[in-house]
Amino acid sequence: MRIVIVEDNVLLARGLRLLLDLEGFEVTSTVDTAAAFLDAVTADRPDVAVVDVRLPPTYRDEGVRAAIEVRRRQPGFPVLVLSQYVEHSYAAELLSQGERGMGYLLKDRVSRVSDFLDALSRVAAGGTSVDPEVIAELLNRQRSGGPVDRLSPREREVLSLM
């Protein structure tokens, strides 16, 4: 599997690269800006991207906006967002596109390497992997009166586990 890493934290980027190399994956690029991410996807033709939400220069939402742009250019391109934060509006947009090959994990909640590698492989194969905390935060931010508000407590519990 060919992977591009989009991460501005040098220690995390190098750590991810080393981990993936040791596990037999091919890291085609490690970049730290949205523009470099777009270029790397075009030049390297990776199978999947691991993307941080906040990148230079503003450290707001450049990574996830670039992921949306990549998926606009290449529908279904597999993206695993790996972030400290849930960027609500963009996370909802990414997850609501209805396309396969999407994941959103929180860095501080990945407690086992095998779980991360499983999520990455699942996303690359066209599946989905979303941290339950991301789902819970998105559900909590929904406006009153929406379809999620009509779910029973048990239905919400099942949705959060998905």
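Preceding this section is the structure that the text describes.
Described below are features of the structure shown in this document. (Residues numbered from 1 in each chain as written. Predicted model: local features only at pLDDT ≥ 70, side-chain atom pairs only at ≥ 80, totals over all residues. Heavy atoms only, no water.)

### A look at the sheet that holds strand β5 (residues 102–106)
Strand order in the open sheet made by the six strands is β2-β1-β3-β4-β5-β6, with parallel pairing throughout. Since the sheet does not close on itself, it has two edges, and those belong to β2 (26–31) and β6 (128–130), each with one partner. Neighbour-to-neighbour, the strand axes of the sheet open up by a mean angle of 20 degrees, direction not taken into account. As paired strands, strand β3 (residues 48–51) and strand β4 (residues 79–83) are joined by three bridges and run parallel to one another. In the sheet register, Ala49 faces β4, and the bridge partner there is Val79. Across the sheet, helix α1 (residues 10–22) lies against β1 (2–6), β2, β3 and β4, angled at about 175 degrees from β2, the strand it touches most. (Pairing = 2+ DSSP bridges. Helix = DSSP H or I, 4+ residues; strand = E, 2+ residues; numbered from the N terminus. Axes fitted to C-alpha atoms, helices over the stretch in contact; angles between N-to-C directions. Contact = heavy atoms within 4.5 Å.)

### Considering the packing of helix α2 (residues 34–44) against helix α3 (residues 62–73)
Look at α2 against α3: their axes get within 9 Å of each other, and the N-to-C directions meet at 25 degrees. In terms of axis orientation, α2 runs roughly parallel to α3. In terms of crossing hand, the pair formed by α2 and α3 is right-handed. Contacts between α2 and α3 involve Ala34, Phe37, Leu38 and Val41 on the former and, on the latter, Glu62, Ala66, Ala67, Glu69, Val70 and Arg73. Of the residues contributing to the contact of α2 with α3, the split by class is seven nonpolar, no polar and three charged. (Parallel < 35°, antiparallel > 145°, perpendicular 65-115°, else oblique. Left-handed = near helix turned anticlockwise from the far one by under 90°. Nonpolar A, V, L, I, M, F, W, Y, C, P; charged D, E, K, R; others polar.)

### A few points about the pairing of β5
Among the five residues in β5, five count as buried, and that is most of the element. In β5, alternate side chains face the same way, and those of Met102, Tyr104 and Leu106 on one face and Gly103 and Leu105 on the other are all buried. Examined bridge by bridge, β4 and β5 share five bridges and lie parallel to one another. From the neighbouring strand, Leu80 faces β5, where its bridge partner is Gly103. In terms of strand pairing, β5 meets β6 through three bridges, oriented parallel. Considered in β6, the bridge of Tyr104 is made with Val130. Note on the crossover from β5 through helix α5 (residues 113–124) to β6: the handedness is left-handed. (Buried < 20%, exposed > 50% of the residue type's maximum accessible area, 1.4 Å probe, protein only. Right-handed = clockwise from strand over helix to strand, strands pointing away.)

### Describing the side chain of Glu7
Considering the arrangement of structural elements, one finds Glu7 in the loop between β1 and α1. Overall, the relative accessible area of 5% leaves Glu7 in the buried class. Within the structure, the side chain of Glu7 is placed 3.0 Å from the backbone nitrogen of Asn9, a separation counted as a polar contact. A distance of 2.9 Å separates polar atoms of two side chains, one belonging to Glu7 and the other to Lys107. (Polar contact = N/O pair within 3.5 Å; in protein donor to acceptor, adjacent residues only side chain to side chain.)

### A short note on the nonpolar core
Counting 31 residues, the largest nonpolar core has Val4, Val6, Phe37, Val81, Tyr104 and Val134 as the members making the most contacts within it. Where this core is concerned, the elements lending two or more residues are β1, α2, β3, α3, β4, α4 (88–96), β5 and α6 (132–141). Look past the residues within four positions of Val4 in its chain and what remains in contact with it is Thr28, Ser29, Val31, Phe37, Ala40, Val41, Pro46, Val48, Ala49 and Val50. Counting residues in hydrophobic clusters, the runner-up holds 16 residues, among them Val50, Leu80, Leu82 and Phe116. (Core = buried A, V, L, I, M, F, W, Y, C linked by side-chain atoms within 4.5 Å.)

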